[in-house]
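# A look at the structure
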Amino acid sequence: MWKYLLRRIALSLLILLGVSALIYLLVMLMPADYIDNQTSAALQNGSMTMEDVMRLKELYGLADKSFTGIAKSYIAWLKSTASGDLGFSFMYGRPVTDVLSDYIWISFIIAFLSYIFQIIIGIPMGVKAASNQYSGYDYTVSVFAMMGTALPSFFLSALLMNVFSIQLGIFPLQGLVTATRIFPSDAYIQVFLDKAWHLVLPITVLTTLNVGGTMKFTRTNMLEVLSSDYIRTARAKGLSEQVVTYKHAFRNTLIPLVTSLSGMLPGLFGGAMITETVFAIPGIGYMALRATRGGDIPFIMGYNMFLAILTVLGMLISDIMYMVVDPRVKLS
Amino acid sequence: MGLFDRFKTKKIEGVDDTMYLTLREERRITKENTKIIKEFERQKNRKHVTEAEYLTQMRDPSNVVEFDNLHTYFFTEVGTVKAVNGVSFDIPQGKIVGVVGESGCGKSVTSLSLMQLVQAPQGQIADGSIRYQAGNGKCYDITKMPKDQMLKIRGKEIAMIFQEPMTSLNPVFRIGEQMDEVVLLHVEGATAESAKARSIEMLNLVGIADEEKIYKNYPHELSGGMRQRVMIAMALACDPRLIIADEPTTALDVTIQAQILELLRNVKDKINGSIMLITHDLGVIAEMADNVVVMYAGRIIEQGTVHEIFKEPKHPYTIGLMKSKPGGKLKEDRLYSIKGQVPNPINMPDFCYFCNRCDHAMNICSKEYPNMVKFSPDHLTACHLYYGEGLQEQNQKRMQNNQSEGKE
Ligand SMILES: Nc1ncnc2c1ncn2[C@@H]1O[C@H](COP(=O)(O)OP(=O)(O)OP(=O)(O)O)[C@@H](O)[C@H]1O
Ligand code: SF4
Ligand SMILES: [Mg+2]
């Protein structure tokens, strides 16, 4: 078991190395880099010369765009990353690790809450749909799930914002706090409620988008289990349909469910780029999108490495949980 | 429109015929199915069914089960599959009834009908009755029984053993837990301890030596033969009146097979119950069964005592089966196999189903379905060879043969 995990981690490190090199190459080859973005206005009105720009590029390590130059700076980045230093963000002017640790939490809270909703709505719906296959309930739920999954997030966000914020005025449009309100310094509860109020729509969007997938996944697996021989045995014993569904069938459906859902947990720190941006919520996804647009190489690299590590962690957790829930599995 | 329909067809391959369904026909079938299924399900889900509605009388009180003209259909998207199409036979108290026939002839569906376990909603008992002599002295018609009443019979009075021991036990629960469940469910006042004691006793009964250890094992830790023993132990836990064994040994290797059959015969005597033994192995039938039912394409084509069927099979299909049995009468090197295939189950002809494969087929055979002919109180067969026009034709043929022989 430990040997298996070690091998898995070693393999992941190798993959991370490859991925990081590829991303580094791609961001270095972006047509307009950070300095171009920052200086284009000054260059145009003549307050800076091309020479100033080149000097700045030199300073930021962006001057040499030849292959060897990129390779050299990549190796430098790799060295400092290996020692735990992800470098300094160009845009945010702070160490990348600081920015990450500041902004992941709000993203995590949004994603985690929607994850919980996704589970408590999607799984029971999937189970019920499967045990009443071909019923009206099954068709209705499947159609809605498909609609939710198919909707683009920006479209759904815009729709909800239009209806609930602009037309009905129930929920705030954007942001995390009401900018026009000033709270006394000890009004923790009001601040908390204010923030919670701002998060309702983003969480609704994420839940709507993902709940269909969970529901479908549960339904498919449940249907497969329900048609298996041991379910027929359970029925032949005289067990009621309730016990057959919720004890014998559901316990088996839990195996793929727990495996895949637990694997999603680390990913919840990754941020929801589009939704956060549309709602102007300062989460890690929003920060990453801004950094990508601005060509903030250290941040892009740091963020992507962070995502890659989350993915690897997800895989490991998934493997371990598989072993926990399925008595047949011994990892080797 | 017509052109459009032609492109969208579903092919159904039969033996002699290949049918094509147009999209429109398919839609019509689906619509009709939905209607039919809804009506069946409504009937089944009625609340407050009084006992009088499903109480009945056995034709012969020495039987446990009497199938009477049972029809079980599957309403599929390509048409109605008449999996069981008018089956009548009895299972006498304390006897083993063997059911044989080729794959797909409806053996399993017949037994599942008896348990009300046919895969709903597409599978429905369309007609006929199954009379069951319950332990409390009453006689029920299982086809009319409400679901909640059926739960009291399943596992308690009628238990089932399946073909695939590898997949028939729930992989995530320990053997003990799965066995205790039956006792806790059906035995009044059972406690966790009494259930465990009973399970261990049953494991011991089926010849498992280290029962305490097996009790704690998961199914995947046991071999196929062991698992089948566990299934049998589980089936025995409540002293059932009838055990349905659906190909209990097909998935096992030969030595284990013999052990399991021996075990089944022993436990039958111990609990004084009956067994409905489904198999396509005639050797098993010869060794185990008292009575034999031969099925073909959803119907019974011959039935009788094991002696009658093996000594003097009447139906050409049964005769063919006897020849195909390894070590049978015909001592050929190679296994005799009946040529041809079972007809398309969706488009059953209204004449003898065996017609396309029968060596003796006559004109009448492709005109009407043969009646059951009685040779003895138990021995019946459905074949034109033995009555009416067919018999005459047969006699004429025989006479001609005799004459031609006489000339030589
Ligand atoms: N769930 C189902 N849906 C549609 N058709 C079915 C279903 N189950 C069985 N059938 C049909 O019913 C017919 C009888 O099947 P059954 O399982 O009783 O055969 P069998 O005699 O037990 O065969 P085997 O020896 O292979 O077990 C088959 O033609 C099959 O196609
Ligand atoms: S009825 Fe005719 S075709 Fe059918 S088995 Fe008898 S002889 Fe053969
Ligand atoms: Mg079968």
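What comes next concerns the included structure. Keep in mind that this is a model prediction, so the values were computed, not measured. (Residues numbered from 1 in each chain as written. Chains lettered and ligands numbered in written order. Predicted model: local features only at pLDDT ≥ 70, side-chain atom pairs only at ≥ 80, totals over all residues. Heavy atoms only, no water.)

## A look at the overall build of chain A
The criterion, for reference: Secondary structure is summarised from DSSP: a helix means a run of H or I of at least four residues, a strand means a run of E of at least two, and numbering begins at the N terminus for each. A simple rule labels every residue: compare its accessible area, found with a 1.4 Å probe on the protein chains alone, to the largest value its type can have, and call it buried under 20%, exposed over 50%, or partly exposed in between. It only takes one pair of heavy atoms within 4.5 Å for two residues to be counted as in contact. Using a 1.4 Å probe, the Shrake-Rupley method yields the accessible areas, and only the shown protein chains count as cover for residues. By the counting scheme adopted, Arg and Lys are positive, Glu and Asp are negative, and His together with the chain ends is not counted. A charged residue contributes its charge at one atom only: NZ of Lys, CZ of Arg, CG of Asp or CD of Glu.
Helix and strand counts for chain A stand at 13 helices and zero strands. Over its C-alpha atoms, taken along the principal directions, chain A stretches across nearly 85 × 55 × 40 Å. Residue burial in chain A is summarised as follows: out of 332 residues, 42% are buried. Sequence-distant contacts in chain A: of pairs separated by 6 or more residues, those separated by 24 or more amount to 73%. Accessible surface, chain A as shown: approximately 17,400 Å² in total, 69% of it carbon and sulfur. On chain A, the mean spot of the 23 positive side-chain charges and the mean spot of the 19 negative ones are 12 Å from each other.

## Looking at the pattern of salt bridges
Selection criterion: Whenever Lys or Arg places a side-chain nitrogen within 4 Å of a carboxyl oxygen from Asp or Glu, that contact is recorded as a salt bridge.
Counted according to the given criterion, the structure contains 28 salt bridges over all chains. Across the pair Lys237(A) and Glu181(B) runs a salt bridge whose closest N-O atoms are separated by 2.7 Å. Of this pair, Lys237(A) sits in the loop between helix H9 (229-236) and helix H10 (241-264) while Glu181(B) sits in helix H5 (residues 175-186), which puts the two residues in different chains. The same class applies to Lys237(A) as to Glu181(B), namely buried. When the shortest N-O distance is used, the salt bridge between Asp239(B) and Arg198(B) registers 3.3 Å. On the criterion of sequence distance, the pair formed by Asp239(B) in the loop between helix H8 (224-236) and strand S9 (242-246) and Arg198(B) in helix H6 (residues 192-205) is long-range, its members being 41 residues apart. Each of Lys237(A), Lys247(A), Glu177(B) and Glu181(B) takes part in one network of salt bridges that share partners.

## Considering the pairing of strand S11 (residues 291-296) of chain B
All names here are of chain B. Put simply, the test is: Strands are treated as partners if at least two bridges between them are detected by DSSP.
In terms of burial, S11 is a largely internal element, six of the six residues being buried. Side chains Asn291, Val293 and Met295 of S11 all project onto a buried face; the interleaved residues Val292, Val294 and Tyr296 project onto the opposite face, where all are buried too. Here strand S5 (residues 96-100) runs beside S11; their pairing, made up of four bridges, is parallel. Pairing of Gly98 across the sheet is with Val292, part of S11. Here S11 pairs with strand S12 (residues 299-305) via six bridges, running antiparallel. Paired with Val293 across the bridge in S12 is Gln303. Two successive antiparallel strands, S11 and S12, enclose a turn made up of two residues, where Ala297 displays a positive phi of approximately 50°.

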